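So the chains spell out like this:
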Amino acid sequence: MKRLLVLAAAATALFAASAQTFPGSRPITLVVPFAAGGPTDRVARDLAEAMRKSMGGANFVVENVNGAGGTIGANKVAKAAPDGHTLLLHHIGMAAAPGLYRKLPYKPLEDFDYLGMINEVPMTIIGKPQLAANNYRDLENYIRNNSGKLNIAHAGLGSASHLCGLMWQAAINAKDAMTTIPFGGTAPAMNALMGGQVDMMCDQTTNTTGQIEAGRVKAYAVTTARPLSGNKLLKDYPSLQEMGLKSFNLTIWHGLYAPKGTPPAALAQINAALKLALKDPDFIKRQEGLGAVVVTDNRVEPAAHKAFVAAEIAKLKPVIEAAGKFAD
Ligand code: MLT
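Residues numbered from 1 in each chain as written. Predicted model: local features only at pLDDT ≥ 70, side-chain atom pairs only at ≥ 80, totals over all residues. Heavy atoms only, no water.

For the chain, an unreviewed UniProt entry supplies the name Tripartite tricarboxylate transporter substrate-binding protein and the organism Polaromonas jejuensis. Recorded in UniProt for the chain, the comment headed Sequence similarities (unreviewed entry) runs: "Belongs to the UPF0065 (bug) family." (UniProt positions renumbered as here; feature names shortened; annotations may be inferred.)

Caption draft 1: Structural view of the overall build of the chain. Helix and strand counts for the chain stand at 11 helices and 10 strands. Dimensions of the chain along its principal axes, counting C-alpha atoms only, are 90 × 40 × 35 Å. By the burial criterion, 54% of the 328 residues in the chain qualify as buried. Restricting the contact set of the chain to residue pairs at least 6 apart, pairs at least 24 apart contribute 79%. Counting only carbon and sulfur atoms, one obtains 57% of the accessible surface of the chain, whose full area is about 14,000 Å². When the 33 positive and 25 negative side-chain charges of the chain are each reduced to one mean point, those points stand 3 Å apart. (Helix = DSSP H or I, 4+ residues; strand = E, 2+ residues; numbered from the N terminus. Buried < 20%, exposed > 50% of the residue type's maximum accessible area, 1.4 Å probe, protein only. Contact = heavy atoms within 4.5 Å. Areas by Shrake-Rupley, 256 points an atom, 1.4 Å probe, with all protein chains shown as cover. Lys, Arg positive; Asp, Glu negative; His and termini not counted. Charge placed at Lys NZ, Arg CZ, Asp CG, Glu CD.)

Caption draft 2: Spotlight on the packing of aromatic side chains. Scanning the model with the defined rule gives five aromatic pairs in all. Look at Tyr114 and Tyr257: their rings are 5.0 Å apart centre to centre, the planes differ by 85°, and that puts the pair in the edge-to-face class. With Tyr114 in strand β4 (residues 112-127) and Tyr257 in strand β9 (residues 251-259), this residue pair connects regions lying 143 residues apart in the sequence. Relative accessible area serves as the criterion here: at 0%, Tyr257 is assigned to the buried category. An aromatic cluster of at least three residues, connected via ring pairs, comprises Tyr106, Phe112, Tyr114 and Tyr257. Seen from the ring of Phe308, Arg299 lies directly overhead, with NZ or CZ sitting 4.8 Å from the centre. (Phe/Tyr/Trp six-rings, centres within 6.5 Å; stacked < 30°, edge-to-face > 60°. Lys NZ or Arg CZ within 6 Å of the ring centre and 35° of its normal.)

Caption draft 3: Up close: the layout of surface pockets. Volume-wise, the largest pocket comes out at about 380 Å³. Lining the largest pocket are 18 residues, with Pro122, Thr224, Leu228, Thr251 and Val293 sitting closest to its centre. In the lining of the largest pocket, the residues fall into seven nonpolar, seven polar and four charged. Its volume calculated, the second largest pocket comes out at about 170 Å³. Looking at the second largest pocket, the residues that line it are Ile92, Glu120, Met167, Asn249, Leu250, Thr251, Trp253, Phe308, Glu312, Lys315, Leu316 and Val319. Of all the secondary structure elements, the ones that give two or more residues to the lining of the second largest pocket are β9 and α11 (302-323). Counting residues per element, the lining of the second largest pocket draws most heavily on α11, which supplies five residues. Taken together, the residues that form the lining of the second largest pocket break down as seven nonpolar, two polar and three charged. (1 Å grid on protein atoms, 1.4 Å probe; cavity = no way out; pocket = protein on both sides within 12 Å on 5 of 7 lines; lining within 4 Å. Points joined across faces, edges and corners; volume = space filled by probe spheres on them. Nonpolar A, V, L, I, M, F, W, Y, C, P; charged D, E, K, R; others polar.)

Given below as structure tokens:
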């Protein structure tokens, strides 16, 4: 009898385990390919909070894997076990890397399953507190009059801040006017800027809003086509287009990815939870408070997300080639 009871208990446990739906008790690791405390990390931690709720209390763990403009973290996920327990939250760098890295260790369109877009974030041109320019016109003149003596920080070759700096310097014909200084993310870069160790940076409002408001950095312009008229802090800063940089229009989109070959049932569950999370009032409030715009459902369709990234790769390639700098 006792043996029968033991067998029954074992069978029950086995059944419960096999019937356990994804994700079960194992954590889901959300890889952020930049340093903690930066804009990508901000989006990831806000999203992890919202997806814990939309996945019934699933255990999300944010892991920062920085370096090489986000390509080290992206490659880690590309090579991870495709079981739904490792995801990548990445931004426009997913589309910039193929143009910058001739030996990229992963293929953005083939090595990932696409889960959907998350948001769009404007960027700001900012300077150290001591920078001797008080508005955008002054800044351009200051750069011209100090060509070769200034520097601009970014989060590594292929990062959003690097891409913005490349595009901005090309647009003002100052390609070699500034030395570029790479960091593991724009969180450490921001510390260096506030401390006066670097002169300028182009960074996302998710990272710059607080520092601009506190007067710890100087703001000069926004990178969106038009000024951010709905943003109480940034509404008075001009867009680069208003300052004469024709067609300059850059916002940083973020998306969610899994390693290629992740089970369709897990992908469907994560996608459904992502759609719910993007409707979470707390998530929306936090993101919009930092200037981000959360996307609507039609951009959270995997096929549409993948088509968008493919189009962005094609769009950015000539921009990067025009800047004439490869990362490897
Ligand atoms: C970037 O410049 O790509 C991001 O700001 C990096 C980061 O999130 O730290």
